[in-house]
Amino acid sequence: MVSKYWFGINFNKESFSMSRKIYGNKIAFLLFDSIKNSVFHSQVLVPLIACLNENKKLTITIVSFERKNFSLKTIQKIIPEHSRLNIIIKKKPLLISTLSLRPCVRSLKKFLRRNPFSHILARGPFAGWIALRVPIPNIPVTIQARGLAAEEFRYVMERERAAGIRAWVKRLFKNYMYWLYKKIEHDVYGCMRANFMIESVSPALKTYLEKNFGSNPEQVHVCGYDIPAIISPRQVALWRREVCQELGLPDDCYVYCYIGSARPWQCVDEMISYFISQDKRDKKKFFLILSQDRELFEEKLQDQSVSVQNYCVNSISPDETYRYLSAADAGLLFREKDPVNWVSRPTKMLEYKSVGLKIIHNNTVAWLAEDNSNL
């Protein structure tokens, strides 16, 4: 089904059981940050498929607002075919004001009138803003709060280096865009209407939303349904033997691991320095890095004179994540001190926990610093 503004691909879906709550038999999942986002597979697709597998009556339709249309072949590479999973692609505007989102509201309104749903789930404040402005009574709306949009924008802009015209444009618009993001978050998280719920990824974020956006504490709950399951020690041990053999590591080698990007806020230099300090104590140490930023990691490791015999930088497919993490003894998670990181629930933290890794961190994530492992 193709038109100027959107096209759909039928995969299919039907009921939603999450955190012991039933959200009906037909769910619309709104996405504004793209199916090509690096976290889509782990934070969106895997939890949704897990819910489908758990509830055989469930049908879910992902409605994703995208800057460009994707071919069927491209989408099938990202989203495996499933009889109860649907994906609809709609046009995503350039966000310059809330007026920019109005065409999304109209498009979604037409779609929902033709396709009735029992519940609407929206990931983040932008998808949430769109969902809350579709006047379809009696359909519950749940907003998934996965971070702080305005603070994340501010955080990135503070660390971007720009020169010439770009620097001028940056100075001109960054304050306005920060204000716009903040306004959208206030509109969404401060909503007091009935049939409305907010899912927070962490207790720290829940507290932040209530304090800064006036969220109703009774309408905010910390979600746990999308936390990956703990993998059996037997399977972890099997994968560890396999991967260690592939890497040529002895059985008594202590393996540190990091999975993720080499962005400035990931504190790559600090992690490497930590590994070096441990390596001096015991030569039987190894640093396994799983990242798409291979060249940058290689450069930083060489700059700090880490021997090539003591590390491996590998790019893997998402399906191989837990297999490779099983080879490690400890996972590194260093972040800069900032509200963005304090309220977060890093995906890598959950992945480390799934295979039983010790997590070495620098007390900048509340979940780890306050040990909310029981959630």
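For the structure itself, consult the block above.
Cut-off values and rules
- Residues numbered from 1 in each chain as written.
- Predicted model: local features only at pLDDT ≥ 70, side-chain atom pairs only at ≥ 80, totals over all residues.
- Heavy atoms only, no water.
- Helix = DSSP H or I, 4+ residues; strand = E, 2+ residues; numbered from the N terminus.
- Buried < 20%, exposed > 50% of the residue type's maximum accessible area, 1.4 Å probe, protein only.
- Areas by Shrake-Rupley, 256 points an atom, 1.4 Å probe, with all protein chains shown as cover.
- Pairing = 2+ DSSP bridges.
- Axes fitted to C-alpha atoms, helices over the stretch in contact; angles between N-to-C directions.
- Patch = residues over 30% accessible without salt bridge, like charges linked within 9 Å, V, L, I, M, F, W, Y side chains within 5 Å.
- Salt bridge = Lys/Arg side-chain N within 4 Å of Asp/Glu carboxyl O.
- Lys, Arg positive; Asp, Glu negative; His and termini not counted.
- Charge placed at Lys NZ, Arg CZ, Asp CG, Glu CD.
- Contact = heavy atoms within 4.5 Å.
- Right-handed = clockwise from strand over helix to strand, strands pointing away.
- Phe/Tyr/Trp six-rings, centres within 6.5 Å; stacked < 30°, edge-to-face > 60°.
- Lys NZ or Arg CZ within 6 Å of the ring centre and 35° of its normal.
- Polar contact = N/O pair within 3.5 Å; in protein donor to acceptor, adjacent residues only side chain to side chain.
- Parallel < 35°, antiparallel > 145°, perpendicular 65-115°, else oblique.
- Left-handed = near helix turned anticlockwise from the far one by under 90°.
- Nonpolar A, V, L, I, M, F, W, Y, C, P; charged D, E, K, R; others polar.

Peer 1: Looking at this structure, I do not really get the overall build of the protein chain. What am I missing?
Peer 2: Counting its secondary structure elements, the protein chain contains 14 helices and 15 strands. Buried residues in the protein chain amount to 54% of all 375 residues. Summed over its atoms, the accessible surface of the protein chain is roughly 18,400 Å², and 52% of this surface lies on carbon and sulfur atoms.

Peer 1: Before we go on, may I ask you to explain the sheet that holds strand β13 (residues 311–314) in this structure?
Peer 2: Across a sheet, paired strands are connected by hydrogen bonds in the backbone, their directions being either parallel or antiparallel. On the basis of which strands lie adjacent, the open sheet formed by five strands has the order β13-β12-β11-β14-β15 and parallel pairing. At either margin of the open sheet sits one strand with a lone partner, and together these are β13 and β15 (358–361). Neighbouring strand axes in the sheet, compared pairwise and without regard to direction, differ in orientation by 25° on average. Bridging between strand β14 (residues 330–333) and β15 involves four bridges; their strand directions are parallel. Across the sheet, A330 pairs through a bridge with K358, a residue of β15.

Peer 1: Help me understand a positive patch on the surface, please; the structure alone is not making it clear to me.
Peer 2: Positive charge collects at one region of the surface, where R102, R106, K110 and R114 lie side by side. With respect to the element layout, R106 can be found in helix α3 (residues 102–114). Looking at R106, the relative accessible area reads 51%, which means it is exposed.

Peer 1: Is there a simple way to think about the side chain of Q278 in this case?
Peer 2: Locating Q278 in the fold gives a position in helix α9 (residues 268–281). For Q278, a relative accessible area of 11% gives the class buried. Residue contacts for Q278: discarding those within four places in its chain leaves Y256 and K285.

Peer 1: What's the story with the pairing of strand β6 (residues 85–91) in this structure? I'm lost.
Peer 2: Residues in a regular strand project their side chains so that they alternate between the two faces of the sheet. Counting buried positions along β6 yields six of seven residues, so the element is predominantly enclosed. Where strand β5 (residues 59–66) and β6 come together, seven bridges link them in parallel fashion. Across the sheet, the residue bridging to V63 is I88, located in β6. As a crossover connection, the stretch from β5 through helix α2 (residues 72–78) into β6 is right-handed.

Peer 1: Just checking my understanding: could you explain the packing of aromatic side chains for this structure?
Peer 2: In this structure the tally under the stated criterion is 14 aromatic pairs. Residues Y189 and F213 carry aromatic rings whose centres are separated by 5.8 Å and whose planes lie at 40° to one another, so their mutual orientation is tilted. With Y189 in helix α6 (residues 164–189) and F213 in helix α7 (residues 203–213), this residue pair connects regions lying 24 residues apart in the sequence. F213 carries the same exposure label as Y189, and that label is buried. Through a chain of ring-to-ring contacts, the aromatic side chains of Y254, Y256, Y274, F275, F287 and F334 assemble into a single cluster. Over the ring of F32 we find K92; its NZ or CZ atom is 4.6 Å from the centre of that ring.

Peer 1: Where do I start with the pairing of strand β11 (residues 254–259) in this structure?
Peer 2: Summarising burial for β11: five of the six residues are buried, a large majority. Examined bridge by bridge, β11 and strand β12 (residues 285–290) share six bridges and lie parallel to one another. Paired with Y256 across the strands is F287, a residue of β12.

Peer 1: Help me understand unusual backbone geometry in this model?
Peer 2: The bulk of non-glycine residues show a negative phi, and the bulk of peptide bonds are trans. Even without a glycine there, the phi angle at S34 is positive, about 80°. Considering the arrangement of structural elements, one finds S34 in the loop between β4 (26–31) and α1 (40–54). On the basis of relative accessibility, which here comes to 15%, the residue S34 falls in the buried class.

Peer 1: Would you explain the side chain of T321 in this entry?
Peer 2: Position of T321 relative to the elements: it lies in helix α11 (residues 321–325). Separated by 3.0 Å, the side chain of T321 and the backbone oxygen of P318 make a polar contact. Every residue in contact with T321, bar those within four places of it in the chain, is listed here: I259, I316 and E351.

Peer 1: Even after reading the chapter, I still don't get the environment of R84, so can you show me in this structure?
Peer 2: Along the chain, R84 falls in the loop between α2 and β6. Using a relative accessible area of 14% as the deciding quantity, one classes R84 as buried. R84 sits 26 residues away from L58 along the chain, and the two C-alpha atoms are 7.1 Å apart.

Peer 1: Before we go on, may I ask you to explain the pattern of salt bridges in this structure?
Peer 2: Once their charged atoms are close, side chains differing in charge can pair, the charge on each being opposite to the other. What the rule picks out here adds up to 15 salt bridges. In this structure, the salt-bridge partner of D338 is R154, at a minimum N-O distance of 2.8 Å. With D338 in the loop between β14 and α12 (339–342) and R154 in helix α5 (residues 149–159), this residue pair connects regions lying 184 residues apart in the sequence. Here the salt bridges share partners, and the residues they tie into one network are E151, R154, E158, K182 and D338.

Peer 1: I tried to follow the packing of α3 against helix α4 (residues 124–132) on my own but got confused; where do I start?
Peer 2: The description of two helices packed together rests on the angle between their axes and the distance between the axes. Packing of α3 against α4 brings their axes to within 9 Å, and their N-to-C directions diverge by 60°. In this view, α3 runs oblique relative to α4, as classed from their interaxial angle. The hand of the α3/α4 crossing is right-handed. Along its contact with α3, which presents R102, C104, V105 and L108, the element α4 presents W129, I130 and A131. The residue inventory of the contact of α3 with α4, partitioned by class, reads six nonpolar, no polar and one charged.

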